Structure formats: structure tokens, C-alpha cells
Amino acid sequence: MSINAEEISTLIKKQIESYDSDIEVSDVGTVITVGDGIARAHGLDNAMAGELLEFSNGVMGLAQNLEENNVGIVILGPYTEIREGDEVRRTGRIMQVPVGEELLGRVVNPLGQPIDGRGPIETTKSRPIEAQAPGVMDRKSVDEPLQTGIKAIDALVPIGRGQRELIIGDRQTGKTTVAVDTIINQKDQDMICIYVAIGQKESTVRGTVETLRRYGALDYTIVVTAGASDPAPLLYLAPYAGVAMGEEFMYNGKHVLVVYDDLSKQATAYRELSLLLRRPPGREAFPGDVFYLHSRLLERAAKLSDALGGGSLTALPFVETQAGDIAAYIPTNVISITDGQIFLQSDLFFSGVRPAINAGLSVSRVGGSAQIKAMKKVAGTLRLDLASYRELESFSQFGSDLDKATQAKLNRGERTVEVLKQGLHKPLVVEKQVMIIYALTKGFLDDIAVEDILRFESEMNTWLDSNRPELLASIRDTGKLPEDSDMKDAIESFKHTFLPTSN
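Let me sum up the structure you'll find in this document. (Residues numbered from 1 in each chain as written. Predicted model: local features only at pLDDT ≥ 70, side-chain atom pairs only at ≥ 80, totals over all residues. Heavy atoms only, no water.)

**What to know about the layout of surface pockets**
Counted only if it meets this: Whether a set of points on the 1 Å grid over the protein atoms alone is a cavity depends on a 1.4 Å probe fitting there but being unable to get out, while an open set qualifies as a pocket with protein on both sides within 12 Å along at least five of seven lines; lining residues are those with an atom within 4 Å of a point. Grid points are joined across faces, edges and corners, and a volume is the space filled by probe spheres set on the points. Secondary structure elements follow DSSP: runs of H or I no shorter than four residues count as helices, runs of E no shorter than two count as strands, and numbering proceeds from the N terminus. Start and end points for every domain follow an automatic or database-based domain assignment.
Counted as a void, the largest pocket has a volume near 1200 Å³. Contributing to the lining of the largest pocket are 47 residues, with Arg171, Gln172, Thr173, Lys175 and Thr176 lying nearest its centre. Among the elements that make up the lining of the largest pocket, the one with the highest residue count is helix α3 (residues 175-184) (six residues). Built from parts of two domains, the lining of the largest pocket gets at least three residues from each of domain 2 (97-371) and domain 3 (378-497).

Structure representation (C-alpha cells):
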């Protein structure tokens, strides 16, 4: 068999022509220690803070500590398969989550992966979880109300679009209920909601998702959950993932409500992470940057200027207190960052006042700017009336004879407390809130028995829908209070038809 030199040279030339020199350069390090969800790797000299790293078994990690000889990596997933000596490589990407309308109605983990069993999420967009908050000139003042549908909030501590309002209280005082009712009330309000559950039981999150589905609120809601059994890094990342998803809508001119339930558990997870990374502990063993942990998250809530589309992101962070101590470390930190707080008191909750909002300790630093004119007018003195009633109530317990003016104040206070009570998952539209508070402040309820107040309100709302819909429409459309004569005539006309409970 003869070898043809020409054929060989032709083949060699073809090989040279089609030769494609793809040189792949990748930074690869070696795991030197692993345990408790933290790995340390040697050789990743160019790694960036917050960069995603990939272990040889496909599990991702987050570069947190950049030290002289090694990198401290937070493992985002199961770490039992990672061994000392395994490879870990840089991805060149900062931690990102998928964003967009495709996530609406879905339950995802803090990495944006679906966990509701409804298949993959087809989205092409993503955003980094850490982003710069809008600057001073990119914002405008909060002037548009966010109606929660809860009388005690909309009348006493109003929330505006773009505000950060802390909800604080002991466990089991109805904090999550306030958030769920607020989300339910956003139906047809052109609002996208994101509920971030941090460190909660899986069964509790499932119950919340089912409630939202039952009231048709899941269609405009994204649920981000990091369960109690998930590793600490996921609990730490969950709020940032939620706000990144919200920012996508805000920068497109839409209105977003993000609920963080709750930030105490995020702070605890961050403390665990920091201690495992050998960072120096400070007060209550929290790391020195625990304030920055929450401020860089909550500062991303804003009402954007018209030049940027006028979108808004409203934050409702939750903080759980121990035995009502709002002067503890994390509560005082978050109070100082937010624009007010709603304090839920266990004593009120257990005595049947629900929602258990303490009007004295609750405040909205945006105030009347976040109320429609009609509500501002009727609820102006409500907070003072309630505060003076609480004071008088403690004195009246001594049983001394009371003069008529004091007795009248006590009677009005009892009815105020009763009017502000509200059933579970029964948010009320703002025009009906205005009507009942007007009836209360103008004395129409003074001769109604306290136990009949809620029935009076319910029947009056039904009567107004049938007989005076134009009055409700006027408040809803203009935001202003109709003429006094029209309001009084409507309430008096209904009152004639109302039958008190016979003794």
C-alpha cells in the first residue's frame, strides 16, 4: 500500500485551516475546609465579593469573606456531598434572581426556583439581588395612599405608596393577618404584591398561600419562601430576592407592595452565618453590620420621580418582639430605618380587640399625606380621642363617681374601640370606612348599644349599597367628603330602619 505524499499534505492543510484554538481560562480553587454550610477555598485570588461560585457537584456558593489566603463561601444548598480537596470555580456572575410577570402566582425559593410543583418558570430577565437604592433626586415624597382595608390602620396610621411601615409585636398577635388582609385588599388596585416568608413553618406558608388563592389574591402575588428547615444563607437572601423581583416592576412604572415576614429571623440567620465565618461578634452576638443588613434592604423602597416613571415600592417589614420589648436591639434598629410602626399588643389581642393595634405606640411619619381628604377630615381627632379614652379607662376602674362629660367620653371611647374591630380576611373599602367613622365622630352611634355596633356597621353598608350608591361613589371617585346634609340624611334614614337587639 503506497502512501501518497500529496494526499497527506492536503489533509494536514485542511486540519490547519479548520483548527480553532479555543482557550478556556477559568479560576479554579480547592476546598480546604467544609462544615455547617460554610466552605473555605484556596486559590480563588480574583473572586469578587458576593460572586456566585460553583462546586464540582453543581451546588452553588456565595463568596462572602475575601481573606488573604482563602475565601469564605456560603453554600446555597446541601453541603453533605462537598469534600475537602474538591474543585470550586468562579462563575463571574454576581448573585441574581429571575424577575418578570412570569413569576406572578408562583411560590419560589430565594434563588427564584419554583417550589409549587407547577413546572419551570419561563422568564428571560434577571436582576442582581444587591442593588443601589434610588438617590435623593430620584425620589418624590409619598402622597398616594395604599389602602389596607383595615380601619384601624387607614384611619390612625395610614400607609402611603413608597413608604416603609414596620409591623411589630409579639408572636401570635396577628401580624401576618394584617399583611394578608392588605394583600387581599389590593385586588383591582393596580398593585403587585410580594410576600417573603423567612424562617416560617412550611405548613404556615402553605396556609397563607391557600388563603391568598381563595380570595383571588395569588394572581397578582409572588410568594418567596425560605422555610425554617432551610440553611441560614437562604433565610439571609430571601428579602433581597423579594425586593429585586419588586424593583423590576417599580422601574417599569408599576406599584409594588413587599412584605418581609419577618426580619428578626433574617437577622438571626445572618448572625449564624457571620459567626460561622468567624466575623467578630458585637451586641447580642450580632455582627457589626447588622444595621446595614436592614438599611440597605429597606432603603430600596421608594416612590420614584416622574422622570423615572413614577413607580413605587412599599415595604412592610415585620419584627417579632419578646414580651413587648420594642427597645431591644433589632426592633430599635428597624424602627430607626422605617417611616413609622404599627405596634400589635398581645393584651389587646387576648381581650378581643382585633386587629390588636396600640394607637398610642403606633405612628406613621408620612401621616395625612397618605390619606384621602375625606378620611383625613373624619379621622382627624380619632387618635386623640382613643388616647384620652385609654387614660380615662384606667382611672374609671377605681369606681369613683364620674361627671357627665367624663361618662360621655368613656361611652364614645367604647364605641370607637368597637368600630375599629374587624373580622378575619374582611378588608373594607375606604368609602365605607369613611361612612362608619363619620357616624362615630358625629355621635350617631352614641345611643346604639356597644354589642350592636358591628351589626349596625354591616347593615348600614348593605343599606348604602342599595339606597345611596351615589354617596359611596362620590367618596370613592373624588376622595372628598360629600355635603354634611347628605351624609347626615343617609345615616339618619338608615338608623330609622335599624332594629336594636331586644333586651
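**Regarding a nonpolar patch on the surface**
Put simply, the test is: Any residue with relative accessible area above 30% and no salt bridge may belong to a patch, with like charges joined within 9 Å and the nonpolar Val, Leu, Ile, Met, Phe, Trp and Tyr side chains within 5 Å. Accessibility throughout is a Shrake-Rupley quantity obtained with a 1.4 Å probe, and a residue counts as covered only by protein chains that appear here. Salt bridges, as used here, are contacts in which a Lys or Arg side-chain nitrogen is within 4 Å of a carboxyl oxygen on Asp or Glu. Classification of residues uses two cut-offs on accessible area relative to the type maximum, computed with a 1.4 Å probe and protein chains only: under 20% is buried, over 50% is exposed, and between them is partly exposed.
Together, Ile8, Ile12 and Ile16 line one region of the surface with nonpolar side chains, adding up to about 280 Å² of accessible area. With respect to the secondary-structure elements, isoleucine 12 resides in helix α1 (residues 5-18). Looking at isoleucine 12, the relative accessible area reads 46%, which means it is partly exposed.

**Observations regarding the pairing of strand β2 (residues 38-42)**
Which entries qualify depends on this criterion: DSSP calls a pair of strands paired once it identifies at least 2 bridges connecting them.
Most of β2 sits out of view: four of its five residues are buried. Bridge analysis of strand β1 (residues 28-35) against β2 gives five bridges, and the strand direction is antiparallel. Counterpart to threonine 30 in the pairing with β2 is histidine 42. Linkage of β1 to β2, two consecutive antiparallel strands, is achieved through a turn of two residues, within which aspartate 36 is found at a positive phi near 55°.

**Here we look at empty space enclosed by the protein**
Let me state the cut-off plainly: Under the scheme applied here, ten amino acids are nonpolar (Ala, Val, Leu, Ile, Met, Phe, Trp, Tyr, Cys and Pro), four are charged (Asp, Glu, Lys and Arg), and all others, including Gly, are polar.
Applying the stated criterion across every chain, the model contains one cavity of 30 Å³ or more. By volume, the largest cavity amounts to about 50 Å³. Lining the largest cavity are Pro145, Leu146, Gln147, Asp154, Pro158, Ile159, Ala370, Gln371, Ile372, Met375 and Val430. Classifying every residue of the lining of the largest cavity gives eight nonpolar, two polar and one charged.

**Some points on the environment of isoleucine 121**
Applied cut-off: Between two residues, a contact is recorded if the distance between any of their heavy atoms is within 4.5 Å.
Looking at the element boundaries, isoleucine 121 is found in the loop between β8 (107-108) and β9 (125-128). Assessed through its relative accessible area of 15%, isoleucine 121 is described here as buried. Separated by 18 residues in sequence, isoleucine 121 and leucine 103 place their C-alpha atoms 6.8 Å apart. Ignoring anything within four residues of it in the chain, the contact list for isoleucine 121 reads Glu102, Leu103, Arg106, Val108, Gly112 and Pro114.

**Regarding the packing of helix α6 (residues 263-276) against helix α7 (residues 290-298)**
To keep it simple, the criterion reads: To define axes, lines are fitted to C-alpha atoms, for helices over the stretch in contact only, and angles between the resulting N-to-C directions are given on a 0 to 180 degree scale. These descriptions rest on fixed angle ranges, namely under 35 degrees for roughly parallel, over 145 for roughly antiparallel, 65 to 115 for roughly perpendicular, and the rest for oblique. In this scheme the handedness of a crossing depends on how the near helix is turned from the far one: anticlockwise by less than a right angle means left-handed, clockwise means right-handed.
Their axes nearest at 10 Å, the elements α6 and α7 cross at an angle of 135°. Regarding the angle of α6 to α7, the classification is oblique. The hand of the α6/α7 crossing is right-handed. For the pair formed by α6 and α7, the contact residues are Leu263, Gln266, Ala267 and Tyr270 on the first element and Val290, Leu293, His294, Leu297 and Leu298 on the second. Taken together, the residues of the contact of α6 with α7 sort by class into seven nonpolar, two polar and no charged.

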